[in-house]
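# Results of the structural survey
Residues per chain are reported as follows:
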Amino acid sequence: MANTWVQYAIGRPDAEIVALVDIKQEFAQAMADRHSLTCPTFTDLAQAIKETGANLVFDITIPASHFAISTTAMKLGCDVFSEKPLAETLEECQEVIGVSDRTGRMHFVMQNRRFDNRIRALRNFIEDGKIGKPGFVGADFFLAPHFGGFRDAMDSPLLLDMAIHTFDQARLILGADPVTVYCQEFNPAGSWYAGQAAAICIFEMSDGSVFCYRGSWCAEGAPTSWEAEWRVTGEIGTAIWDGSSNPYAEIVAPGDQQGNFMREYVRKEGESKEQEKSFHEGCLDEMFDALAEGRRAETDCRDNIKSMAMVLGAIESSKTGTKIRISDILG
């Protein structure tokens, strides 16, 4: 991801990379060499900011570092664009928001899977009332990436590192926020992760619908899309998205169908608008636009904490075996 962010910044006429920071100097220098950068390299963020006069920090570190990087940067006068997750604990997430409030610095989180014209087309089915009021949303996520590194050692690698994408997508699709969650995590046979690599989650949402997530990060064979596979059922129809092609909906056909045991349906294709940039570049464009316009980005930390609460609520539910009310978590 660091390479993706650096390459993006190099291509912006209004951005200049003035420093690279890593835990080891040689790591930072290797990144500079890879992209033909001549900026200085550091192992200390505060020193890098003070010596270069940077006003924006890209936090592309592991999740455990996000809190320290983000709060340090904002306290030293920098805005922050961060990879997900916002932070590892709810207390840290809330403090990141608190530091943003106190310093007046912006803090935006990468949720690249929002910035896809196909998921926007799916959302339009719901926004435009094409399928009526949603009652159920289901997302299946089954992949088997052999990352190695920190994910293999995490307690909840699927939920903490990846599921936030799908949870955030559900909020976008429905235009609704979580109310309660019940979750069971487990580590299936054949898993190479130390922690729980699979989960089933049931969320009650603020629009009255139920969102059900089924996922595994050690599911060899028949992989889903990284965007998950989606089914949204409403009062008069169902919207489907496989995460790869354009979504479609099947809607109760017009006319009198009283007495029909099974209704007849008409199919409507999703309308995907042209998109100059998508995923990471699309989200970074939104962040830079928001910064220039002095507004909060779509993935501002104050909104993103709701997606993070879904993750942490699910983990807490799994640990306690109980349904968790999200408002109790957010306080």
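For the structure itself, look to the data block above.
Here we summarise the structure given alongside this text. Once a new chain begins, its residue numbering starts again from 1 and follows that chain's sequence as written. Reporting in this predicted model follows two pLDDT cut-offs: at least 70 for local features of residues, and 80 or more for side-chain atom pairs to be given and counted; totals over whole chains, interfaces and linings ignore these cut-offs and use all residues. Hydrogen atoms and water are omitted, and side-chain values are computed over all heavy atoms in the structure.

## Some thoughts on the sheet that holds strand E3 (residues 56–59)
Strand order across the open sheet formed by three strands is E3-E4-E5, with parallel pairing between neighbours. Every other strand in the sheet has two partners, leaving E3 and strand E5 (107–109) as the edge strands with one partner each. The average undirected angle you get between the axes of adjacent strands in this sheet is 15°. As judged from the four bridges shared by E3 and strand E4 (residues 79–82), these two strands associate in the parallel manner. Bridge pairing links Val 57 to Val 80 in E4. For two strands to pair, DSSP has to find at least two bridges joining them. Strands are runs of DSSP state E lasting at least two residues, helices are runs of H or I lasting at least four, and both sets are numbered from the N terminus onward. Here an angle of 0 to 180 degrees is reported between the N-to-C directions of two axes, which are lines fitted to C-alpha atoms, with helices fitted over the stretch in contact.

## Regarding the layout of surface pockets
Residues are said to line a cavity or pocket when one of their atoms sits within 4 Å of a point; the points come from a 1 Å grid over protein atoms alone, cavities being sets where a 1.4 Å probe fits but cannot get out and pockets being open sets with protein on both sides within 12 Å along at least five of seven lines. Grid points are joined across faces, edges and corners, and a volume is the space filled by probe spheres set on the points. If you add up the space inside the second largest pocket, you get close to 230 Å³. Residue assignment for the lining of the second largest pocket shows that the elements contributing at least two residues are helix H5 (90–103) and helix H10 (301–320). If one sorts the elements of the lining of the second largest pocket by residue count, H10 sits on top with four residues. Residues belonging to the lining of the second largest pocket are distributed by class as follows: five nonpolar, one polar and four charged. For this classification, the nonpolar set comprises Ala, Val, Leu, Ile, Met, Phe, Trp, Tyr, Cys and Pro, the charged set comprises Asp, Glu, Lys and Arg, and every other residue, Gly included, is treated as polar.

## Looking at the pattern of salt bridges
Think of a salt bridge as a Lys or Arg side-chain nitrogen and an Asp or Glu carboxyl oxygen that are within 4 Å of each other. For the structure on display, the rule yields 25 salt bridges. Across the salt bridge formed by Glu 227 and Arg 113, the nearest N and O atoms sit 2.9 Å from each other. Here the residue Glu 227 occupies a position in the loop between strand E9 (210–216) and strand E10 (229–234), and Arg 113 occupies one in the loop between E5 and helix H6 (117–127), the gap between them amounting to 114 residues. Like Glu 227, the residue Arg 113 is buried in the burial classification. As a salt-bridge pair, Arg 171 and Asp 168 come within 3.6 Å of each other at their nearest N and O atoms. Within this pair, Arg 171 and its partner Asp 168 are both found in helix H8 (residues 157–174), separated by three residues, close to a single helical turn. You'll find Arg 171 and Asp 168 in the same group, each marked buried. Linked by salt bridges that have partners in common, Arg 114, Arg 120, Asp 168, Arg 171, Asp 177, Glu 298, Asp 303 and Lys 306 make up one network. Buried residues are those whose accessible area, probed at 1.4 Å on protein chains only, stays under 20% of the maximum for their type, while exposed residues exceed 50% and partly exposed ones sit between those limits.

## With respect to the environment of Ile 69
Tracing the sequence through the fold places Ile 69 in helix H4 (residues 66–75). Taking the C-alpha atoms as reference points, Ile 69 and Ser 82, 13 residues apart in sequence, are found 9.2 Å from one another. The contact definition used throughout considers only heavy atoms, calling two residues in contact when any of these lie within 4.5 Å. Not counting residues within four places of it along the chain, the set of residues in contact with Ile 69 comprises Leu 45, Val 57, Asp 59 and Thr 61.

## Remarks on the nonpolar core
In plain words, nonpolar cores are sets of buried Ala, Val, Leu, Ile, Met, Phe, Trp, Tyr and Cys residues tied together by side-chain atoms within 4.5 Å. Leu 159, Phe 167, Cys 201, Phe 203, Phe 211 and Trp 230 are the most contacted members of the largest nonpolar core, which totals 69 residues. Examining the composition of this core, we find that eleven residues originate from one element, H8, more than from any other. Dropping the residues within four chain positions of it, Leu 159 is found in contact with Ile 164, Phe 167, Cys 183, Glu 185, Ala 199, Cys 201, Val 311, Ala 314 and Ile 315. Judged by nonpolar contacts, the second largest core, of 13 residues, contains Tyr 8, Phe 81, Met 287 and Ala 297.

## Structural notes on the packing of aromatic side chains
To pair, rings of Phe, Tyr and Trp, with the six-membered ring standing in for Trp, must have centres within 6.5 Å; the planes then decide the type, stacked if under 30 degrees apart, edge-to-face if over 60, and tilted in the middle. The tally for this structure, following the rule as stated, stands at 15 aromatic pairs. An aromatic cluster is defined as three or more aromatic residues linked by ring pairs; in this entry it consists of Trp 5, Tyr 8, Phe 58, Phe 81, Phe 108 and Phe 288. Placement of a positive charge over a ring is assigned whenever Lys NZ or Arg CZ falls within 6 Å of the ring centre and within 35 degrees of the normal to the ring plane. The side chain of Arg 12 reaches across the aromatic face of Phe 288, ending 4.0 Å from its centre. It is Arg 120 that lies over the ring of Phe 115; its NZ or CZ is 5.3 Å from the centre.

## Focus on the packing of H4 against H5
The interhelical angle for the contact between H4 and H5, taken along N-to-C directions, is 10°, at an axis separation of 9 Å. Taken as axis vectors, H4 and H5 run roughly parallel relative to one another. In this structure, H4 uses Phe 67, Thr 71, Met 74 and Lys 75 to contact H5, whose residues at the interface are Glu 92, Glu 95, Val 96, Val 99, Ser 100 and Thr 103. Across the contact of H4 with H5, the residue classes tally to four nonpolar, three polar and three charged. Reported orientations rely on four angle classes, namely roughly parallel under 35 degrees, roughly antiparallel over 145, roughly perpendicular from 65 to 115, and oblique for the rest.

## Remarks on the pairing of strand E6 (residues 134–142)
Looking at chain direction, E6 and E10 are connected through six bridges and run antiparallel. What sits directly across from Asp 140, in E10, is Glu 229. Pairing between E6 and E9: seven bridges, direction parallel. Within E9, the position partnered with Ala 139 by the bridge is Tyr 213.

Honestly, it's all geometry; don't read function into it.
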